[in-house]
Amino acid sequence: MSNQNQDRLTRREFLKKSGIGAATLVTVGWPIDGSQPTATRTPGSDDAQAILIDLTRCTGCNACTLACKVSNRLAHPDVLAKQLDSDAYTFVDQRQVEKGDGQIETCFVKRQCMHCLDPACVSACTVGALSKTAAGPVVYDAHKCIGCRYCQYACPFGVPTYEWENALGLIHKCQMCVERLVAGQQPACVEACPNGALRFGKRAALLAQAHAQIISNPERYVDHVYGEHEAGGTSVLYLSAVPFAGLGLPELDPEPIPHQAEAVMKLTPYVALTVASIATALHWILQRRELKVDTGENQ
Amino acid sequence: MTPHITTSREQFTVVSIKASEAVIGLLACLTFIGLVAGLGRLLLGLSASTALTDGYPWGIWIGFDFTLIAFSGVGFTMTAIVHIFHLKEYQPALRPAILAGLLGYSAVLVLLVLDLGRPDRFYNFLIFWNLHSPLFEISWCILLYTTILMLETCPCLFQRLGYEWPVRLARKSVVPVSIIGVTLSTLHQSTLGTLYLNMPHRLNALWYTPMLPLLFFISSMMAGLGLAILTYKVATRVQGKVERSAIVDGLGQAMVWITILYLLLKSGDLWIAGQMPALAQDRMGFILMLELIAGALIPVALWLIPAVRTHRLGQWMIPLLILAGVMMNRFNATMIAQALPPGAAYSPHIIEWLSTIGILAGVVLVWYLGVRFLVMAEDVECQS
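Conventions used here
- Residues numbered from 1 in each chain as written.
- Chains lettered and ligands numbered in written order.
- Predicted model: local features only at pLDDT ≥ 70, side-chain atom pairs only at ≥ 80, totals over all residues.
- Helix = DSSP H or I, 4+ residues; strand = E, 2+ residues; numbered from the N terminus.
- Rg over C-alpha atoms; globule rule 2.2 N^0.38 Å.
- Buried ≥ 20, exposed ≤ 12 C-beta atoms within 10 Å, placed from the backbone.
- Pairing = 2+ DSSP bridges.
- Axes fitted to C-alpha atoms, helices over the stretch in contact; angles between N-to-C directions.
- Contact = placed C-beta atoms within 7 Å.
- Parallel < 35°, antiparallel > 145°, perpendicular 65-115°, else oblique.
- Left-handed = near helix turned anticlockwise from the far one by under 90°.
- Nonpolar A, V, L, I, M, F, W, Y, C, P; charged D, E, K, R; others polar.
- Core = buried A, V, L, I, M, F, W, Y, C linked by C-beta atoms within 7 Å.
- Domains from an automatic or database assignment.
- pLDDT = per-residue confidence, 0-100.

Undergrad: How should the overall build of chain B be read in this particular structure?
TA: The helix and strand inventory of chain B stands at 17 helices and zero strands. Taking 384 residues into account, the globule formula puts the C-alpha radius of gyration at 21 Å, and chain B, at 21 Å, falls close to it. Seen along its three principal axes, the alpha-carbon backbone of chain B occupies a region of about 65 × 50 × 45 Å. Going through the 384 residues of chain B one by one, you find that 51% of them count as buried.

If you want it as structure tokens, here you go:
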């Protein structure tokens with residue numbers, strides 16, 4: 001009998017402690033849903049700054065890529081980049097595209113960070129080193145980065161690049177010359193373009209202009225502004241004479257990429273609470289049964 | 001001094017002692033080479049020591065991380081069975097299992113530090129929070145859960161050393177610690193699947209599904225139970241104890257039912273997503289078929305045949321096949337089923353192989369020594 005009492009005491013203690021454990025998890029988990037995280041994401045709006053790239057005006061002169069390297073103080077300004085890397089935040093891709101009449105034509109496609117309205121890299125970043133600013137640019141805080149490279153997987157455009165040669169490397173990407181924007185200037189690439197292929201302004205205004213151009217020159221443009229809806233919309237928009245599928249720009253759903261993962265991540269505190277409660281309840285019920293069986297056997 | 005170690009030694013034949021010492025020597029050599037390779041990686045940087053590129057930023061280190069975390073599900077699965085479901089008859093299988101879990105997570109931490117571009121800042125996730133990020137949650141859970149596993153494993157050492165009060169404390173706190181451990185495991189085992197939800201453009205549609213968090217959680221239990229059977233079987237041999245067939249049977253049965261659940265969910269999901277025809281189409285379809293048939297369907301089928309289930313060889317093969325299936329799944333998700341940008345290729349660097357093999361060898365070595373020299377039976381009293 002005294003044995004049983006002892007068991008009861010321990011059980012009560014167990015329960016109390018498991019209750020404390022569950023409560024701790026809930027309190028730790030709770031802020032996830034309610035308050036804003038430290039790495040705040042400001043979903044981009046039409047009011048934010050954007051760049052409209054008119055590919056029909058691009059001659060592939062690379063004035064933009066050179067200006068980018070100079071402005072961002074990147075290495076090897078004399079080398080023309082063939083892809084994005086830690087020394088090239090933008091490059092001019094060359095694509096052979098078959099036009100309607102069977103002729104092959106070279107298309108120049110300037111590539112850089114698309115500054116998504118709801119960027120997957122920002123959502124994915126372990127330490128919140130990437131963030132979407134209200135002004136438009138997706139910026140990178142090098143001091144936070146741990147070099148996990150998840151952003152490289154989350155980005156549908158293959159934009160973030162890693163500094164592989166450096167023993168303590170970091171991520172590199174276009175930040176829309178955010179410091180120049182603060183100083184009231186345009187991004188370096190836009191300012192450098194001699195052909196008017198790059199235009200800088202409010203996203204809504206640029207979209208309106210792009211659609212107006214398509215309507216007034218239907219023979220010059222395909223009826224599609226790339227970036228208007230792709231991956232929930234981007235702050236870099238493209239106009240083109242040929243369909244975008246042949247230009248290396250990925251076909252993407254209008255649903256922002258981070259939505260699915262974020263919907264699951266929001267459940268975290270509830271999952272924790274549910275699992276901890278079920279485990280505590282199971283423990284309680286099953287231990288009672290175990291004790292009853294024990295006493296039954298003793299009698 | 002210790003009665004059961006003497007017994008185990010007595011039961012070792014001279015041949016098996018020599019063989020086990022040769023294996024220990026080999027494992028120690030591999031671990032040493034691995035540590036040197038790992039140090040080389042830290043000094044040289046990623047470009048000189050890995051084959052990773054912008055087109056292929058995660059390699060075998062991440063593949064083994066994901067596999068090891070799934071396998072280390074052995075810890076939470078067994079603590080749940082013994083301390084939450086109160087199935088005390090599985091107690092003898094508990095300690096070898098949680099020791100394997102602790103070592104698995106420790107290996108993951110080492111591999112992650114090697115893989116990080118800034119290993120000097122590995123602690124940054126403690127300071128800078130991004131609650132949207134699956135990797136943020138995973139990092140926290142792994143850190144906290146490794147601590148929990150240390151608390152769960154420490155009586156093995158304290159009982160051997162004869163410290164009484166920490167063992168008493170550990171016994172008193174075992175239930176809350178188990179509940180927290182199971183909760184943390186549920187969170188991060190599933191979040192490893194959530195991690196891929198941010199890659200719809202990269203992960204092949206045969207693997208990509210909103211169900212990934214659930215599938216990852218369930219398959220971690222499959223792997224956990226599979227490894228629990230193996231660690232129990234090996235531990236009884238190392239300690240010269242008699243294997244209880246009821247334990248192997250029970251764990252195997254749980255593993256098979258969970259695998260059946262996994263197969264039903266996965267095939268139902270493929271069917272609803274209209275991906276069934278894609279299974280028979282290209283290379284990716286073949287790879288998924290291989291993963292599901294060799295790693296889940298065949299072990300289930302083998303288990304359902306009583307002659308195989310009770311056969312000595314069958315009892316090793318069935319959990320091994322399940323573990324192979326979960327390993328294939330994690331490698332497919334991290335590497336093989338990922339769409340590559342044009343021109344991207346990856347063939348692991350020798351340093352990646354040596355460091356990985358070294359860490360795995362270290363895990364096996366420390367586990368073996370732990371099972372041999374620490375207290376693996378719950379009911380052994382402290383020797384003071």
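Undergrad: I would appreciate a short explanation of the sheet that holds strand S8 (residues 198-202) of chain A in the present structure.
TA: Residue and element names in this part refer to chain A. Strands sit in the order S8-S1-S9 across an open sheet of three strands; the sheet is mixed. Each of the sheet's edge strands pairs with one partner strand only, and the pair in question is S8 and strand S9 (236-239). Averaged over all pairs of adjacent strands, the angle between strand axes in this sheet comes to 25°, irrespective of strand direction. Sheet analysis places strand S1 (residues 49-54) next to S8, joined by five bridges and oriented antiparallel. Bridge pairing in S8 links Ile-51 to Phe-200. Where helix H8 (residues 203-216) meets the sheet, its contacts fall on S1, S8 and S9, and the angle it forms with S8 comes to roughly 130°.

Undergrad: How do you make sense of unusual backbone geometry when you look at a structure like this?
TA: With the exception of glycine, most residues fall at negative phi, and the peptide bonds are largely trans. Residue and element names in this part refer to chain A. Residues other than glycine seldom take positive phi values, yet Arg-73 does so here, at roughly 50°. Notably, Arg-149 is not glycine yet its phi reads approximately 70°, a positive angle. In this structure Arg-149 comes out as buried when scored by C-beta crowding, with 24 C-beta atoms within 10 Å.

Undergrad: Got a minute to help me understand the packing of helix H11 (residues 212-239) of chain B against helix H12 (residues 245-272) of chain B in this structure?
TA: The packing of two helices is summarised by the inter-axis angle and the distance between the axes. Residue and element names in this part refer to chain B. H12 packs onto H11 with a crossing angle of 160° between their chain directions and a minimal axis gap of 9 Å. By the criterion of interaxial angle, the relationship of H11 to H12 is roughly antiparallel. As H11 packs across H12, the resulting crossing turns out to be left-handed. For the pair formed by H11 and H12, the contact residues are Leu-214, Leu-215, Ile-218, Ser-219, Met-221, Met-222, Leu-225, Gly-226, Ala-228, Ile-229, Tyr-232 and Lys-233 on the first element and Ile-247, Val-248, Leu-251, Gly-252, Ala-254, Met-255, Ile-258, Thr-259, Leu-261, Tyr-262, Leu-265 and Lys-266 on the second. Partitioning the contact of H11 with H12 into residue classes produces 18 nonpolar, four polar and two charged.

Undergrad: What exactly am I supposed to notice about the nonpolar core here?
TA: Generally speaking, nonpolar side chains in soluble globular proteins are found buried as a group. Counting residues in each nonpolar core, the largest one holds 178 residues, and the members touching the most others are Cys-121, Ala-154 and Leu-237 of chain A together with Met-222 and Ala-228 of chain B. In terms of residue count, H11 of chain B provides more of this core than any other element does, 15 residues in total. Here this core spans two domains, and each of domain 1 (2-35 + 267-298) and domain 2 (49-262) of chain A adds at least three residues to it. Contact partners of Met-222 of chain B, with chain neighbours within four places excluded, come to Met-255, Ile-258, Thr-259, Tyr-262, Ile-322 and Val-326 of chain B.

Undergrad: What exactly am I supposed to notice about the interface of chain B and chain A here?
TA: Quoted interface sizes are often the accessible area lost when the parts come together. Each partner contributes residues to the interface: chain B has 50 residues there, and chain A has 62 residues. At the level of elements, helix H3 (46-49), helix H7 (124-127), helix H8 (134-161) and helix H10 (174-194) of chain B are the ones that each hand at least two residues to the side of chain B that touches chain A. The leading source of residues in the side of chain B that touches chain A is H10 of chain B, at nine residues.

Undergrad: How should the packing of helix H4 (residues 60-71) of chain B against helix H6 (residues 91-115) of chain B be read in this particular structure?
TA: Residue and element names in this part refer to chain B. At their nearest, the axes of H4 and H6 sit 9 Å apart, and the two run at 160° to each other. Taken together, the axis directions place H4 and H6 in an arrangement best described as roughly antiparallel. Between H4 and H6 the crossing geometry is left-handed. Contact residues: Trp-61, Ile-62, Phe-64, Asp-65, Leu-68, Ile-69 and Phe-71 in H4; Gly-104, Ala-107, Val-108, Leu-111, Leu-112, Leu-114 and Asp-115 in H6.

Undergrad: Looking at this structure, how should I read the confidence of the model for chain A?
TA: Note that predicted coordinates carrying low pLDDT should not be read in detail. Residues and elements named next belong to chain A. Residues with a pLDDT of 70 or more make up 83% of chain A, whose mean pLDDT is 86. Mean pLDDT values over the elements of chain A span from 38, in helix H2 (residues 31-34), up to 98, in S9. When the criterion is pLDDT under 50, residues 24-41 qualifies, and its contacts beyond four places in sequence or with other chains add up to 35 contacts.

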